Amino acid sequence: MANGGPQTRQRIVTGAADMISRRGLNATSIREMAKHAEAPLGSTYHYFPEGKQQLATEAVRYAGESVARILRKELQVGPAAGLRAFLALWRGIVIDTGFRAGCPVLAVSIEEPPPDETPPALAAAAEVFDDWENLLAASLREHGAAPGQAEQLATLVVAAVEGTVAMCRAKRSIQPLDRTAEQLQALIAGAVGS
């Protein structure tokens with residue numbers, strides 16, 4: 001292993017997720033990701049010999065699992081707590097970065113892939129969205145929502161929050177997230193009968 005071992009590899013993945021969340025995948029080179037992570041370019045290629053797509057895929061999975069870990073913990077209390085945690089996470093990211101960063105999973109998802117190809121990072125993004133939706137839907141079902149309604153509401157939560165984060169960045173305002181939060185909380189309360 002190159003100097004630094006697993007810590008260096010993780011720093012590169014974390015840095016790549018941050019860069020993608022700010023600039024998107026196509027506008028970010030592997031060289032910039034390495035520099036942002038304060039890692040030598042050679043180390044980046046050592047850990048990610050397949051290049052930018054491999055690193056982007058790992059960054060998407062890392063970001064997805066980071067969010068899923070928070071959701072799993074908070075959803076133990078219930079879907080309303082999970083929603084609050086999901087909203088608080090994105091609120092913190094948007095505000096703490098001065099509206100410069102959003103979600104790396106969304107960033108990878110909205111970039112046009114090459115014709116007749118599904119890049120690994122895009123496939124990873126789809127898996128991440130599925131994971132978040134499944135976690136939310138399971139909690140909604142456990143707390144009284146009808147199965148079909150649980151799946152639909154989980155999709156709505158993920159789609160609404162992801163889209164709202166993009167709106168916050170564009171408007172340089174947290175107001176869209178506040179408005180969305182209020183409506184999603186009401187929908188969850190109605191679905192679980194609280």
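Below is a short write-up of the structure. Everything numeric in this text was worked out from a predicted model, so none of it was measured. (Residues numbered from 1 in each chain as written. Predicted model: local features only at pLDDT ≥ 70, side-chain atom pairs only at ≥ 80, totals over all residues. Heavy atoms only, no water.)

**What about the nonpolar core?**
Counted only if it meets this: What is meant by a nonpolar core is a set of buried Ala, Val, Leu, Ile, Met, Phe, Trp, Tyr and Cys residues, joined one to another through side-chain atoms within 4.5 Å. Relative accessibility thresholds used throughout: buried, under 20% of the residue-type maximum; exposed, over 50%; partly exposed, between the two (1.4 Å probe, protein chains only). Helical segments are the DSSP runs of H or I of at least four residues, strand segments are the runs of E of at least two, and each set is numbered from the N terminus. The contact rule is simple, with two residues in contact once any of their heavy atoms fall within 4.5 Å.
Counting residues in hydrophobic clusters, the biggest one holds 59 residues, and the most contacted among them are Val105, Trp132 and Val157. Of all the elements in the fold, those that place two or more residues in this core are helix H1 (5–23), helix H2 (30–36), helix H4 (52–75), helix H5 (79–96), helix H6 (104–109), helix H7 (120–142), helix H8 (147–171) and helix H9 (175–192). No other element matches H7, which puts 10 residues into this core. Not counting residues within four places of it along the chain, the set of residues in contact with Val105 comprises Val60, Ala63, Gly64, Ala125, Val128, Phe129 and Trp132.

**Quick notes on the packing of H4 against H5**
Note the cut-off: Axis lines are fitted to C-alpha atoms, over the contacting stretch for helices. Their N-to-C directions set the angle, which ranges from 0 to 180 degrees. For any helix crossing, the convention is left-handed if the near helix is rotated counterclockwise from the far helix by under a right angle, and right-handed if that rotation is clockwise. Ten residue types, Ala, Val, Leu, Ile, Met, Phe, Trp, Tyr, Cys and Pro, are classed as nonpolar, four, Asp, Glu, Lys and Arg, as charged, and the remainder, Gly among them, as polar.
Taken N-terminus to C-terminus, the directions of H4 and H5 make an angle of 150 degrees; their axes are 7 Å apart at the nearest point. For the pair H4 and H5, the crossing hand works out as right-handed. Residues Val67, Ile70, Leu71, Glu74 and Leu75 of H4 pack against Pro79, Ala81, Gly82, Ala85, Phe86, Leu89 and Trp90 of H5. The residue makeup of the contact of H4 with H5, split by class, is 10 nonpolar, one polar and one charged.

**Looking at H9**
Condition: Here the expected span of a helix is defined as 1.5 Å times the quantity of residues minus one. This arc describes the spread of directions from the helix axis toward the C-beta atoms.
The end-to-end C-alpha distance of H9, which contains 18 residues, comes to 26 Å, matching closely the 26 Å that a straight helix rising 1.5 Å per residue would cover. For H9, the full list of buried residues reads Pro176, Leu177, Thr180, Ala181, Leu184, Ile188, Ala191 and Val192. For H9, the angular spread of the buried residues around the axis is 125 degrees, confining them to a single face. When the buried face of H9 is taken as reference, the exposed residues oriented beyond 90 degrees from it are Arg179, Glu182 and Gly190. Buried residues along H9 sit against H5, H7 and H8. Within two residues after H9, Gly193 carries a phi angle of roughly 70 degrees, on the positive side.

**Section: the packing of aromatic side chains**
The condition is simple: The criterion for an aromatic pair is that two Phe, Tyr or Trp rings (for Trp, the six-membered ring) have centres within 6.5 Å, with stacked assigned to planes under 30 degrees apart, edge-to-face to planes over 60 apart and tilted to the rest.
Under the counting rule described, the total for this entry stands at four aromatic pairs. With a centroid separation of 6.4 Å and 85 degrees between ring planes, the pair formed by Phe86 and Trp90 is classed as edge-to-face. With Phe86 and Trp90 both in helix H5 and four residues apart, the pair spans about one turn of that helix. For Phe86, a relative accessible area of 1% translates into the label buried. The exposure class assigned to Trp90 is buried, which follows from its relative accessible area of 2%. Here the aromatic rings of Phe86 and Trp132 are separated by 5.7 Å at their centres, their planes lie at 70 degrees, and the arrangement is edge-to-face. Residue Phe86 is found in helix H5, and its partner Trp132 is found in helix H7; the two are separated by 46 residues along the sequence. Here Phe86 matches Trp132 in class, with each residue buried. Site record: aromatic cluster; members linked through ring pairs are Phe86, Trp90, Phe129 and Trp132.

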